[in-house]
Amino acid sequence: MTTAPTPAPASASAAQSGGGAPGPATPAPASTLSSEAPRPTKRRARGSRAWLAALPLILFFVIGFGLPAVAIAIGAFTTSSDAPDGGGTFTTDNLTGSLQGAYSTALWGSVKLSLLTALIATVVGLPLAQAVATSRFRAFREAVMSASGVLANFGGVPLAFMFVATLGNAGEVTKKFGLTKHGWNLYTFTGLSVVYLYFLVPLMVITITPALEGLKTQWREAASNNGATGLQYWRHVALPVLLPSLLGGFVLLFGASFAAYATAEAMVGSSVPLISMQIGDALSGNVLVGQGNLALALGLDMIVVACLVMAVYLPLQRRSAKWLA
């Protein structure tokens, strides 16, 4: 006589789902419960201490940017210490004066120079970055990216001296090819634009190369399978995806050109009106009596422009990151 097997008790979940008669639920092992139990206290403790890692950066930002920006804003709306009233009086004359006459010309000159050089560097840098991103030679890619990193940060007096020695009125290249006879003059708006492109184009290559690497090969294959040419792929697929990154790079180049000072000061002086050089002249004491805080108003103008640039750049950067993730 064979004894029938004893049926195993159904679990609580099976009973609830209708899978059988209800039975006593099998308790989970104590070790499992202890390992899966949440520890909100420890998590909150870790979260409360996480901001300590960013504390040095926060302090640096506050001391290096926040306090000077506040001081500039206060000084821009108060009279200087050499004013007839002794200084410290609220006024809007500084800000009004910074937007008139030679200062307005200098501000507009900086904006024009930055727009022109940023646009040219964006157009020239895109195909160069594409050549780097699609290159099969790792050594070539690493060499170009390393050189771009160096050249993007090469400026100031050394850059001005290099161009003066090569493309100045008595420069080697100018004399060899007779560029002066053809109307070339380094110490003009056009000459300064050429010098700025020396570090803006490499900066564009560094900025746009990661975005080009984010273009998926499946997109090109799908476009090719549907009969699209290379030009049609770039027009309808690649460029729309890259547009936020391109605009973001353009804005970044605009900011770099707008804030440049040492190269222009060493090469062209006051022959090309720029807002950065007007601030330098004001800080060196080349202002009228009672207008010492005019330089602070000019600095406030630059801060406003920089904030507008960043307000455009950050949303574009987030949008391009979403597409290319």
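Preceding this section is the structure that the text describes.
Everything in this summary refers to the structure shown in the same document. All values derive from a computational prediction rather than experimental measurement. (Residues numbered from 1 in each chain as written. Predicted model: local features only at pLDDT ≥ 70, side-chain atom pairs only at ≥ 80, totals over all residues. Heavy atoms only, no water.)

## A look at the overall build of the protein chain
Link 1 in the chain: Along its length, the protein chain carries 15 helices and 0 strands.
Link 2 in the chain: Burial statistics for the protein chain: of 325 residues in total, 32% are counted as buried.
Link 3 in the chain: Expressed as a percentage of contacts within the protein chain between residues at least 6 apart in sequence, the contacts between residues at least 24 apart total 68%.
Link 4 in the chain: Of the roughly 19700 Å² of accessible surface on the protein chain, a fraction of 67% belongs to carbon and sulfur atoms. (Helix = DSSP H or I, 4+ residues; strand = E, 2+ residues; numbered from the N terminus. Buried < 20%, exposed > 50% of the residue type's maximum accessible area, 1.4 Å probe, protein only. Contact = heavy atoms within 4.5 Å. Areas by Shrake-Rupley, 256 points an atom, 1.4 Å probe, with all protein chains shown as cover.)

## Side note on the packing of aromatic side chains
Link 1 in the chain: Inspection of the entire model under this criterion finds 7 aromatic pairs.
Link 2 in the chain: Consider the rings of Tyr233 and Trp234, whose centres lie 6.0 Å apart with planes at 75°: the pair is edge-to-face.
Link 3 in the chain: By way of ring pairs, the aromatic residues Phe154, Phe163 and Tyr198 are connected into one cluster. (Phe/Tyr/Trp six-rings, centres within 6.5 Å; stacked < 30°, edge-to-face > 60°.)

## Structural notes on a nonpolar patch on the surface
Link 1 in the chain: Together, Ile58, Leu59, Phe61, Val62, Ile63, Phe65 and Leu67 line one region of the surface with nonpolar side chains, adding up to about 680 Å² of accessible area.
Link 2 in the chain: Positionally, Phe61 belongs in helix 4 (residues 55-76). (Patch = residues over 30% accessible without salt bridge, like charges linked within 9 Å, V, L, I, M, F, W, Y side chains within 5 Å. Salt bridge = Lys/Arg side-chain N within 4 Å of Asp/Glu carboxyl O.)

## Considerations on the environment of Gln278
Link 1 in the chain: Mapped onto the elements of the fold, Gln278 is located in helix 14 (residues 275-283).
Link 2 in the chain: Between the alpha carbons of Gln278 and Leu294 there is a distance of 9.9 Å; along the sequence they are 16 residues apart.
Link 3 in the chain: Ignoring anything within four residues of it in the chain, the contact list for Gln278 reads Ala102, Tyr103, Ala106 and Leu298.

## A word on the nonpolar core
Link 1 in the chain: Counting 52 residues, the largest nonpolar core has Leu192, Tyr196, Ile208, Phe258 and Leu274 as its most contacted members.
Link 2 in the chain: Listed by contribution, the elements that provide at least two residues to this core are helix 6 (101-133), helix 8 (157-167), helix 10 (189-213), helix 12 (230-259), helix 13 (262-267), helix 14 and helix 15 (294-324).
Link 3 in the chain: If you tally residues by element for this core, the top one is helix 10, at 12 residues.
Link 4 in the chain: Those residues in contact with Tyr196, other than ones at most four positions away along the chain, are Leu113, Thr117, Ser257, Ala260, Ala264 and Leu274. (Core = buried A, V, L, I, M, F, W, Y, C linked by side-chain atoms within 4.5 Å.)

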